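# Examining the three-dimensional arrangement
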Amino acid sequence: MSRKMKNKVVTNLTIERIASEGKCVGHHDGKVVFVTGVAPGDVVDVRITKGKSSFMEGEPVHFHQYSKDRIEPFCPHFGTCGGCKWQHINYDLQKNYKRQQVLDQFQRIAKVEIPEVLPILGSEKTRYYRNKLDFTFSNKKWLTLEQIRSEEDFDRNALGFHIPKMFDKIIDIDHCYLQGGISNEVRNELRAFALEKNYSFYDIRNQVGLLRNLIIRTTTTNQTMVIVQFGESDPERIQEVMEFLKNRFPEITSLLYVINTKGNETFHDLELITSSGLPYIEEEMEGLKFQIGPKSFYQTNSEQAYELYKVARDFADLKGDEIVYDLYTGTGTIANFLAKQAKQVIGVEYVAAAIEDAKVNSQINGIENTLFYAGDMKDILNEDFIQNHAAPDVIITDPPRAGMDEKVVQMLLRLAAPKVVYVSCNPATQARDLALLGEKYQVQKVQPVDMFPQTYHVENVVLLTLKK
Ligand SMILES: C[S@@+](CC[C@H](N)C(=O)[O-])C[C@H]1O[C@@H](n2cnc3c(N)ncnc32)[C@H](O)[C@@H]1O
């Protein structure tokens, strides 16, 4: 079946709805066809890229009819860059589809009784909402078909994003609508400076080249952190780049660099050098300050993070005398946000550096009723831990996309806290975990929150209470 179907074109397929992961679905010969780059209401010819016994996957090759719900994408990089794949759908519909995703996953996987899924909390900003972007320098600029066919000689140096599924091809970005502040200027002017100076852009296949990666982080308090990764140790040129950024952009409050000669771009295990300014930036929420170092995680949409935390706080409904566990606490943002309303908050997180940040964040805010532990949740949250700490009245859990390890879910059932607030960035794994928690808990409230407009991603907060 798969060989025969591959590359076959299915004609006049009506796209019915959006499924998970942003793919749309239609039906052909009784089979589901998942299609990328289309919108519900489109009628298209689809080239099949994958054929299985129960479903097919494909991409559009010809549009017979465009959906009336389509809008003109605002970004010139749309369609090539993997970033904002839903720009062709208006924002109200995006929100409906996201809420529908939660509903679908809960009905399909959780199989527990759920109350009405509340209307999604939309993001006020639908552009320039990210506080962190990560750009890659490359000597393998991605060229369009027209550019290749033109046989012109193109400069192949680029600074931008990875093309989906092509690890060595980078789309050169002129303007990105995801991050505001000086983000676009810093990227474009650094690239122009590097080209003028003839610095080498990274060659990922051969693992050589001076300029490797650029990270820009911004805050609602107007601070900016810029981190440049160099693929080679070349003190003179590194100094030139740092001087250029410092002089051209006095708005940069934290300028750092790192020399990374490893096979990958992660720098958690490397030393970062502060070239000028402070080694961190500061975010603020209800008068609380959060220090964000170059290795610290912070929710990437700061304004919506505040909305998300308010939902979690609302669901937790603390009176002041509760013991709260904040599982997967990251840099302790939720723990510190709730500390004033609780007797004690205990945060647990895998990344030791994040736990150090969480402690600093308690300290600089004069918060004394938090405790933080670093380690794998399934190892830390054990019988000893329970013996040595007060039993929780409320558990907040905010796991990564993979959801909670089954051992952790079993521990939650064993702890049987009266209330669990489950924050998730993946309703499918959340639904899976809820199916298990259903043994003791019932779902009271479901509140989707949109943190990432123009994408299919949805955050979802669920309130669980012990069954009577
Ligand atoms: C979605 S983030 C939550 C961040 C935090 N609640 C916030 O709002 O800033 C998930 C966190 O879980 C941590 N994590 C992932 N796997 C883990 C594990 N097995 N044990 C403990 N923490 C883990 C990650 O390092 C990350 O900080």
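Because the structure is a prediction, the values reported are computed rather than measured.

The next point concerns the site of the ligand. Around the ligand, the structure places 17 residues, and the nearest of them are Y328, G330, Y350, M377 and D398. Grouping the constituent residues of the shell around the ligand by class yields 10 nonpolar, four polar and three charged.

What holds strands together in a sheet is hydrogen bonding between their backbones, with the strands either parallel or antiparallel. Within the open sheet, the six strands sit side by side as β1-β5-β6-β4-β3-β2. Their pairing is mixed. Two strands lie at the open edges of the sheet, namely β1 (9–14) and β2 (17–18), each paired on one side alone. Bridge count between strand β5 (residues 43–51) and strand β6 (residues 55–65): eight bridges; the pairing is antiparallel. When the sheet's bridge partners are listed, K50 is paired in β6 with E57.

What follows concerns the packing of helix α11 (residues 406–415) against helix α12 (residues 427–437). Their axes nearest at 10 Å, the elements α11 and α12 cross at an angle of 40°. Overall, the two elements α11 and α12 adopt an arrangement that is oblique. Note on packing geometry: the crossing formed by α11 with α12 is right-handed. In contact with V409, L412 and L413 of α11, α12 contributes D433, L436 and L437. Of the residues in the contact of α11 with α12, the class split is five nonpolar, no polar and one charged.

The next point concerns the UniProt feature "binding site: S-adenosyl-L-methionine" (unreviewed entry) in the chain. The feature "binding site: S-adenosyl-L-methionine" (unreviewed entry), as given by UniProt, occupies Q299, Y328, E349 and D398 in the numbering adopted here. Judged by the 19 C-beta atoms lying within 10 Å of it, Y328 is partly exposed. Leave out the neighbours within four places in its chain, and Y328 touches E349, M377, T397, D398 and P399. Of note, E349 is situated in strand β17 (residues 344–349). When neighbours within four sequence positions are excluded, E349 is seen to be in contact with Y328, T329, G330, A354, I355 and A374.

With that settled, consider the packing of helix α2 (residues 91–110) against α12. Packing of α2 against α12 brings their axes to within 8 Å, and their N-to-C directions diverge by 35°. Handedness of the α2/α12 crossing: right-handed. Each of Q101, V102, Q105, F106, I109 and A110 in α2 lies in contact with α12, whose residues at this interface are P427, A428, A431, R432, L434 and A435. Across the contact of α2 with α12, the residue classes break down as nine nonpolar, two polar and one charged.

As defined by bridge partners, strand β14 (residues 281–285) adjoins strand β15 (residues 288–292) across five bridges and the pair is classed as antiparallel. Paired with I281 across the bridge in β15 is I292. Once β14 ends, the chain turns through two residues before running back antiparallel as β15, passing E286 with a positive phi of about 50°.

The next subject is the domain arrangement of the chain. Each domain of the chain was delimited in the assignment, giving domain 1 (2–65), domain 2 (93–125 + 301–466) and domain 3 (132–285). Distance between the C-alpha centres of domain 1 and domain 2: 36 Å. At the junction of the two partners, domain 1 supplies four residues and domain 2 supplies five residues. Classifying every residue of the side of domain 1 that touches domain 2 by side-chain character gives one nonpolar, two polar and one charged.

Conventions used here
Residues numbered from 1 in each chain as written. Predicted model: local features only at pLDDT ≥ 70, side-chain atom pairs only at ≥ 80, totals over all residues. Near = placed C-beta within 6 Å. Nonpolar A, V, L, I, M, F, W, Y, C, P; charged D, E, K, R; others polar. Pairing = 2+ DSSP bridges. Helix = DSSP H or I, 4+ residues; strand = E, 2+ residues; numbered from the N terminus. Axes fitted to C-alpha atoms, helices over the stretch in contact; angles between N-to-C directions. Parallel < 35°, antiparallel > 145°, perpendicular 65-115°, else oblique. Left-handed = near helix turned anticlockwise from the far one by under 90°. Contact = placed C-beta atoms within 7 Å. UniProt positions renumbered as here; feature names shortened; annotations may be inferred. Buried ≥ 20, exposed ≤ 12 C-beta atoms within 10 Å, placed from the backbone. Domains from an automatic or database assignment.

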